[in-house]
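Residues per chain are reported as follows:
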Amino acid sequence: MSLDIKTLVDKYDTPLYVYDFNNIAKRYQELKGAFDGKKSLVAYAVKSNSNLAVIKHLAKLGAGADCVSIGEVKRALKAGIAKYKIIFSGVGKRDSEIREALQKDILLLNLESEAEMKRVEMIAKELGIEARISIRVNPNVDPQTHPYISTGLHENKFGVSIDSAKRMYIYAKKSEHLNPIGIHFHIGSQLTELSPIVEACEIVADLVRSLKAIDIDIKFFDVGGGLGVVYDNEITIKTHEYADAIIKAIKGLDVTVVMEPGRYMMANSGIFLTRVLYEKQNGDKRFVIVDGAMNDLLRPSLYSAYHKIEAVQKDGEKTPADVVGPVCESGDFLGKDVPLPPLEHNDILVVHSAGAYGFTMSSNYNTRNRVAEVAVLDGKDYLIRKRESFDDQIKLEEVCDTSWL
Ligand SMILES: *Cc1c(COP(=O)(O)O)cnc(C)c1O
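Residues numbered from 1 in each chain as written. Predicted model: local features only at pLDDT ≥ 70, side-chain atom pairs only at ≥ 80, totals over all residues. Heavy atoms only, no water.

J.: Got a sec to walk through helix 7 (residues 162-174)? Specific residues and values, please.
T.: The terminal C-alpha atoms of helix 7 lie 19 Å apart, and with 13 residues this matches the ideal 18 Å at 1.5 Å per residue to within 8%. Among all positions in helix 7, only Ser164, Ala165, Met168, Tyr169 and Ala172 are buried. In an axial view of helix 7, the angular spread of the buried residues amounts to 140°, which keeps them on one side of the axis. Helix 7 presents Asp163, Arg167 and Lys174 as exposed residues on the side facing more than 90 degrees away from its buried surface. Buried positions along helix 7 lie against strand 5 (108-111), helix 6 (114-127), strand 6 (131-136), strand 7 (178-184) and helix 8 (195-213). (Helix = DSSP H or I, 4+ residues; strand = E, 2+ residues; numbered from the N terminus. Expected span 1.5 Å × (residues − 1). Buried < 20%, exposed > 50% of the residue type's maximum accessible area, 1.4 Å probe, protein only. Arc of directions from axis to C-beta. Contact = heavy atoms within 4.5 Å.)

And the structure:
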């Protein structure tokens, strides 16, 4: 990102998320372009970064949205994503969420169990409508990624087996209130190998063919998200190879290929900026204490995820340091053994690849205010989320009567 970090920090303070909106567009167009001439829908995984401005930007480019709660569906609609491009996934949907999604007439409800299908059928019947559905199948392939973000094995909670999916489709086909038009899988996140995706596509394409034979016509073939990105020195999947492999695996099927990328779109479109408070040496160990913490960027603590960290405009010999925040947890770190020059109060560190699962996983732990978010487009910066205040944090408690205490 070619931006003047010092200027941004002076203007918006730290900690701060900054997103490169030109890069978001570039990523979207690259993926969409790889499917040129084919029917495809890039349904952005809203959970990776659900800022309304981010979604609006993608909506204008023509993207759809993959949502995992009714809140995300509402965000997508509010940001201007067309309803016929919105998918509602998730392993546990409340009745009220199902009802609202059906009333909003979005493209698909993606079902993850037989029990859920029965609930959707009942609610659609109450509403006197036919629910467009897809079924998330679990192709049982090993995505070769971190176990916490692997989702396509039978041991994971997601989806149903190929056999139960087939039974569900047959049931849905007969139901007056279900219209099975999609099939879905999502085998994991941060995928850097093409072979598990191809394997899953082939298994699921076979199912689609066998459904076709019994007059069940699947129109949306959803390969999920999970395209990996470079955090460190990963070798990632090239979009044209991804597209070619999918198109080859589903050869002969007349379907729209749906993708649900989140990380691919956002991770390297965002940075997290934090300010050095102090340096400290405990025995042999060097700590750099910063004003950003695990509540702002959880991935290092949660998954031991690596984010490259660099000091802005700072020279000197680099020695390893743990970059830690002020939160009262030993797990509160942004980086371990990070090579950094000697640092002083108010120096700025850039935490790279922080655009996905950064702000959206943030919390108020330790009564810390959620940070501000800024977009940069064509060299200009725009505030897209105000920094939270103490009053923002306590307002829902303040309205409660505590005179009983
Ligand atoms: C999380 C998720 C995604 C997005 O995953 P990325 O790794 O960010 O691309 C897509 N689809 C489903 C169903 C998900 O749960």
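Text resumes after the structure shown.
J.: Can you tell me about unusual backbone geometry, naming the residues and giving the values?
T.: Pro15 follows Thr14 through a cis peptide bond whose omega is -10°. Looking at the element boundaries, Pro15 is found in the loop between helix 1 (5-12) and strand 1 (16-20). Phi angles above zero are rare outside glycine, and Asp13 is one such case at about 70°. Judged by relative accessible area, which is 38%, Asp13 ranks as partly exposed. Its identity as a non-glycine residue notwithstanding, Asp337 has a phi of 50°, on the positive side.

J.: I'd like a rundown of the nonpolar core, residues and numbers included.
T.: Grouped together as the largest cluster of nonpolar side chains are 99 residues, with contacts concentrated most on Phe221 and Tyr242. When residues in this core are grouped by element, the largest group, 8 residues, is from helix 8. Inspection of this core shows a minimum of three residues originating in each of domain 1 (5-14 + 268-394) and domain 2 (35-261). Not counting residues up to four positions away in its chain, the partners in contact with Phe221 are Ile183, Phe185, Cys201, Val204, Ala205, Val208, Ile250, Val255, Thr256, Val257 and Val258. Counting 14 residues, the second-largest nonpolar core is a separate cluster that includes Leu16, Ile271, Val312 and Ile348. (Core = buried A, V, L, I, M, F, W, Y, C linked by side-chain atoms within 4.5 Å. Domains from an automatic or database assignment.)

J.: Just give me the short version of the sheet that holds strand 8 (residues 220-222), but keep the residues and values in it.
T.: Read around the closed barrel, 8 strands run 2-3-4-5-6-7-8-9, paired in parallel fashion. Direction aside, the axes of adjacent strands within the sheet are offset by 30° on average. One ladder, built from 3 bridges, connects strand 2 (residues 40-45) with strand 9 (residues 256-259); its direction is parallel. What sits directly across from Leu41, in strand 9, is Val258. Strands strand 7 and strand 8 of the sheet are contacted by helix 8, whose axis makes an angle of about 155° with strand 8. (Pairing = 2+ DSSP bridges. Axes fitted to C-alpha atoms, helices over the stretch in contact; angles between N-to-C directions.)

That is the geometry; function is a separate question.
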